[in-house]
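# Geometric and topological summary
Spelled out from the first residue to the last, the chains are:
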Amino acid sequence: MDCLFCSIIKGDIPSTKVYEDDQVYAFKDINPMAPVHVLIIPKQHISSVNDITEENCAVTGHILAVAAKLAKELGIAEDGYRVVSNCGPNAGQTVFHLHFHLLGGKKLKVEMC
Ligand code: AMP
Ligand code: ZN
């Protein structure tokens, strides 16, 4: 399967790693929208939130735990941050491997839509 983020996990495409374990990989977004902009992705290919099921959803809880840990390590936990996953064209999803943006380090816009 031709997937940019699967290629990043395999190391075929370079990335700036922030965290890795057996289930997830986290790396710096190539086009940061905030001083801290990390992408946290499952190592298993899941295309988007649309493809989260009762069978594969455990990793999403783990991703949120990793987001909380990284937020503390990166010094943004106290001031606050956002964790967001875009799903499909109306949300502007551009890479179809599930990912959670961890954004912080500045006052983020409160616009939800
Ligand atoms: P989304 O628009 O929610 O699908 O987010 C995809 C994100 O992936 C965007 O914020 C891009 O800047 C980021 N991105 C695309 N290619 C790379 C790459 N090679 N390394 C790191 N981040 C990337
Ligand atoms: Zn993939």
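Further up the page is the structure itself.
The present account deals with the structure reproduced in this document. The model shown is predicted, which means the values in this text are computed figures rather than measured ones.

### Quick look at the site of ligand 1
The local shell around ligand 1 holds 16 residues, among which Asp 29, Asn 86, Thr 94, His 99 and His 101 are the closest. Contact between ligand 1 and Asp 29: an oxygen atom at 2.5 Å from a side-chain N or O atom of the residue. In this structure, Gly 92 approaches ligand 1 through a main-chain N or O atom, which is 3.2 Å from an oxygen atom. A total of 500 Å² of accessible area belongs to ligand 1 in isolation, and the protein chains cover 84% of it. For the shell around ligand 1, the elements supplying multiple residues, two or more each, are α1 (4-10) and β2 (24-28). A per-element tally of the shell around ligand 1 places α1 first, with three residues. Considering only residue class, the shell around ligand 1 consists of seven nonpolar, seven polar and two charged.

### Notes on the coordination of the zinc ion (ligand 2)
Taken together, the protein ligands of the zinc ion (ligand 2) are Cys 3 (SG), Cys 6 (SG), His 45 (ND1) and His 97 (ND1), with distances of 2.1 to 2.3 Å. The site at the zinc ion (ligand 2) holds four donor atoms, and with the angles between them running 102 to 117 degrees, its shape is tetrahedral. On the basis of relative accessibility, which here comes to 6%, the residue Cys 3 falls in the buried class.

### Considerations on the sheet that holds β2
The strand order across the open sheet formed by five strands is β1-β2-β3-β5-β4, and the pairing between neighbours is antiparallel. Strands at the two margins of the open sheet, each flanked by one partner only, are β1 (17-20) and β4 (81-84). Put simply, the sheet's adjacent strands are angled 15 degrees from each other on average, direction ignored. Here four bridges tie β4 to strand β5 (residues 100-104), and the two strands are oriented antiparallel to one another. Bridged to Arg 82 within β5 is Leu 103. The strands touched by helix α2 (residues 58-73) are β1, β2, β3 (36-42), β4 and β5; relative to β3, the strand with the most contacts, the crossing angle is about 155 degrees.

### Comments concerning the nonpolar core
Grouped together as the largest cluster of nonpolar side chains are 17 residues, with contacts concentrated most on Val 38, Ile 40 and Leu 70. If you list the elements that add at least two residues to this core, you get β2, β3, α2 and β5. Among the elements that make up this core, the one with the highest residue count is α2 (six residues). Sequence-distant contacts of Ile 40, that is, excluding residues within four places in its chain, are made with Tyr 25, Ala 26, Ile 63, Val 66, Ala 67, Leu 70, Leu 98, His 99, Phe 100 and Leu 102. By size, the runner-up hydrophobic cluster in this structure holds 10 residues, among which are Phe 5, Leu 39, Ile 41 and Val 95.

The rules behind each value
- Residues numbered from 1 in each chain as written.
- Chains lettered and ligands numbered in written order.
- Predicted model: local features only at pLDDT ≥ 70, side-chain atom pairs only at ≥ 80, totals over all residues.
- Heavy atoms only, no water.
- Near = heavy atom within 4 Å.
- Polar contact = N/O pair within 3.5 Å; in protein donor to acceptor, adjacent residues only side chain to side chain.
- Areas by Shrake-Rupley, 256 points an atom, 1.4 Å probe, with all protein chains shown as cover.
- Helix = DSSP H or I, 4+ residues; strand = E, 2+ residues; numbered from the N terminus.
- Nonpolar A, V, L, I, M, F, W, Y, C, P; charged D, E, K, R; others polar.
- Donors = N, O, S within 2.8 Å, 3.2 Å for Na, K, Ca; no water.
- Tetrahedral: all angles 85-135°; square planar, octahedral: opposite > 155°, others 65-115°.
- Buried < 20%, exposed > 50% of the residue type's maximum accessible area, 1.4 Å probe, protein only.
- Pairing = 2+ DSSP bridges.
- Axes fitted to C-alpha atoms, helices over the stretch in contact; angles between N-to-C directions.
- Contact = heavy atoms within 4.5 Å.
- Core = buried A, V, L, I, M, F, W, Y, C linked by side-chain atoms within 4.5 Å.

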